[in-house]
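If you want the building blocks of each chain, they are given just below.
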Amino acid sequence: MLKFFRLMVPVALLRRGPQDLPYSQSLCTTALVIAFVLSLMASALAQESLSATGGRFIVAMLFYALSVTLLLALYQLPNRLLQTLTAGFGVAAVFGVVDILLLLAQLGGLSESVRITGLLMLVAWSLLVDGHILSAALDIRLIAGCTLAIAIFVPQIALIAAISSGGAAN
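Residues numbered from 1 in each chain as written. Predicted model: local features only at pLDDT ≥ 70, side-chain atom pairs only at ≥ 80, totals over all residues. Heavy atoms only, no water.

## Looking at the side chain of Thr 86
So, step 1. Residue position: Thr 86 is located in helix α4 (residues 81-107).
So, step 2. A relative accessible area of 0% means that Thr 86 is categorised as buried.
So, step 3. Leave out the neighbours within four places in its chain, and Thr 86 touches Met 8, Leu 21, Ser 24, Leu 27, Cys 28 and Ala 31. (Helix = DSSP H or I, 4+ residues; strand = E, 2+ residues; numbered from the N terminus. Buried < 20%, exposed > 50% of the residue type's maximum accessible area, 1.4 Å probe, protein only. Contact = heavy atoms within 4.5 Å.)

## Quick notes on helix α2 (residues 25-45)
So, step 1. Taking 1.5 Å of rise per residue, 21 residues should cover 30 Å, and α2 covers 30 Å from first to last C-alpha, within 8% of that figure.
So, step 2. Considering only its buried residues, α2 is in contact with α1 (2-12), α3 (50-74) and α4.
So, step 3. Just downstream of α2, Gln 47 is the residue with a positive phi angle, here 55 degrees. (Expected span 1.5 Å × (residues − 1).)

## Brief notes about the nonpolar core
So, step 1. Membership of the largest hydrophobic core comes to 43 residues, with the highest contact counts inside it found for Phe 4 and Phe 89.
So, step 2. Those elements that provide at least two residues to this core are α1, α2, α3, α4, α5 (112-138) and α6 (142-169).
So, step 3. Discounting residues that sit within four places of it in the chain, Phe 4 has contacts with Leu 27, Thr 30, Ala 31, Ile 34, Gly 90 and Ala 93. (Core = buried A, V, L, I, M, F, W, Y, C linked by side-chain atoms within 4.5 Å.)

## Focus: α5
It helps to recall that an α-helix has 3.6 residues per turn; residues three or four apart then point in one direction.
So, step 1. With 27 residues, α5 extends 38 Å from end C-alpha to end C-alpha; this agrees with the ideal 39 Å at 1.5 Å per step.
So, step 2. Just downstream of α5 lies Asp 139, where phi reads positive at about 55 degrees.

## With respect to the packing of α4 against α5
So, step 1. For the pair α4 and α5, interaxial distance at closest approach is 10 Å and the crossing angle is 170 degrees. With respect to α5, the axis of α4 lies roughly antiparallel. Between α4 and α5, the residues in contact are Thr 84, Ala 87, Gly 88, Val 91, Phe 95, Val 98, Asp 99, Leu 102, Leu 103 and Gln 106 and Glu 112, Arg 115, Gly 118, Leu 119, Leu 122, Trp 125, Ser 126, Val 129, Ile 133 and Ala 137, respectively.
So, step 2. Classifying every residue of the contact of α4 with α5 gives 12 nonpolar, 5 polar and 3 charged. (Axes fitted to C-alpha atoms, helices over the stretch in contact; angles between N-to-C directions. Parallel < 35°, antiparallel > 145°, perpendicular 65-115°, else oblique. Nonpolar A, V, L, I, M, F, W, Y, C, P; charged D, E, K, R; others polar.)

## Concerning unusual backbone geometry
Peptide bonds are trans in most cases, and residues, glycine excluded, mostly fall at negative phi.
So, step 1. One non-glycine residue with positive phi stands out, namely Gln 76, at about 55 degrees.
So, step 2. Counting through the fold element by element, Gln 76 comes out in the loop between α3 and α4.
So, step 3. The backbone phi angle of Asp 139 is positive, close to 55 degrees, even though this residue is not glycine.
So, step 4. Along the chain, Asp 139 falls in the loop between α5 and α6.

Structure follows, in structure tokens:
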């Protein structure tokens, strides 16, 4: 586990890119599973529905994977898919740890507004990191990568919100 985070934290800190990660299906799967488990742990700490959290996670990761696959196909760089997804899922795991730490701090007395501010900062950093990953994978400037990250994030959130509100109406 420590070895995994030693690979992923430098990506989350913009010190490495997807090209620096091993080309490994098992590492990509491990990153996805760790991110999923951490998401469920955060949900349990926040006393939210585990099934709803799991569903949102699956939708978000599928949307991300399909978006990255499409972008790499458009740029004619499909051979970079595995490492790019590994980086994206791995960074999601790193940010999952930060989310859990913020939840634990709130349970320990940190005000909810401070936690929400921390989460907003985490989202902003996440978009920068996703932009960094995309810019390295697509050989484009960071600003273009960040623009693409936002272009993936906004409909991803809208889709999750639509699914979540549709499920709540039933």
